[in-house]
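Fold and contact review
Spelled out, the chains give:
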Amino acid sequence: MLKSKNRKASSLSILTIAGLEPYQLKPGEKYMNDAQLLYFRCILETWRNQLRDEVERTVLHMRDEAANFPDPVDRAAQEEEFNLELRNRDRERKLIKKIEKTLKKVEENNFGFCETCGIEIGIRRLEARPTADLCIDCKTLAEIREKQIVG
């Protein structure tokens, strides 16, 4: 239950960041038409720009806050804080690459379809995870296989 709440909150925050409401499908509307592609391009570009801004803020923060503390405990605390920030930025850098890969799919009209089976991923799933490249069934199977290999 907690996971679904977090996913829902995550999807809402992505839409909120982009200043968008959930997409309202019209009766008979073709999947991944121009309006839908524009909607998701807006989400992806806004998300990417926000992440880039965050990276820039981190660089400025680290440069401004870097100090050579004489106390080893203070120095260690600052280094740990910086390490945490750098790990977060590294994750965000990887996410930016994934977003850019997804934007390329949008430009090539290949967005919104499962890379494994070719079916529609679905508007709601893409709103929750705009970089999704597998339908829910293929993603579930991939996770089961991954658990079997690890376990």
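If you're wondering where the values come from, they're calculated on a predicted model, not measured in any experiment.

The rules behind these values
Residues numbered from 1 in each chain as written. Predicted model: local features only at pLDDT ≥ 70, side-chain atom pairs only at ≥ 80, totals over all residues. Heavy atoms only, no water. Axes fitted to C-alpha atoms, helices over the stretch in contact; angles between N-to-C directions. Helix = DSSP H or I, 4+ residues; strand = E, 2+ residues; numbered from the N terminus. Parallel < 35°, antiparallel > 145°, perpendicular 65-115°, else oblique. Left-handed = near helix turned anticlockwise from the far one by under 90°. Nonpolar A, V, L, I, M, F, W, Y, C, P; charged D, E, K, R; others polar. Core = buried A, V, L, I, M, F, W, Y, C linked by side-chain atoms within 4.5 Å. Buried < 20%, exposed > 50% of the residue type's maximum accessible area, 1.4 Å probe, protein only. Domains from an automatic or database assignment. UniProt positions renumbered as here; feature names shortened; annotations may be inferred.

1. Focus on the packing of helix α2 (residues 34–65) against helix α3 (residues 72–107)
Taken N-terminus to C-terminus, the directions of α2 and α3 make an angle of 155°; their axes are 9 Å apart at the nearest point. Classified by the angle between their axes, α2 and α3 sit roughly antiparallel to one another. Between α2 and α3 lies a crossing of left-handed hand. Per-class residue counts for the contact of α2 with α3 are 13 nonpolar, 4 polar and 12 charged.

2. A closer look at the nonpolar core
Counting residues in each nonpolar core, the largest one holds 26 residues, and the members touching the most others are Met 32, Phe 40, Ile 43, Leu 44, Phe 111 and Leu 126. Counting residues per element, the ones that place at least two in this core are α1 (2–18), α2, α3 and α4 (123–128). A domain split of this core shows at least three residues from each of domain 1 (30–110) and domain 2 (112–150).

3. Side note on the UniProt feature "zinc finger region: dksA C4-type" (unreviewed entry) in the protein
In the numbering adopted here, UniProt assigns the feature "zinc finger region: dksA C4-type" (unreviewed entry) to residues 114–138. Between the end C-alpha atoms of residues 114–138 the distance is 8 Å, and the span holds 36% helix and 0% strand.

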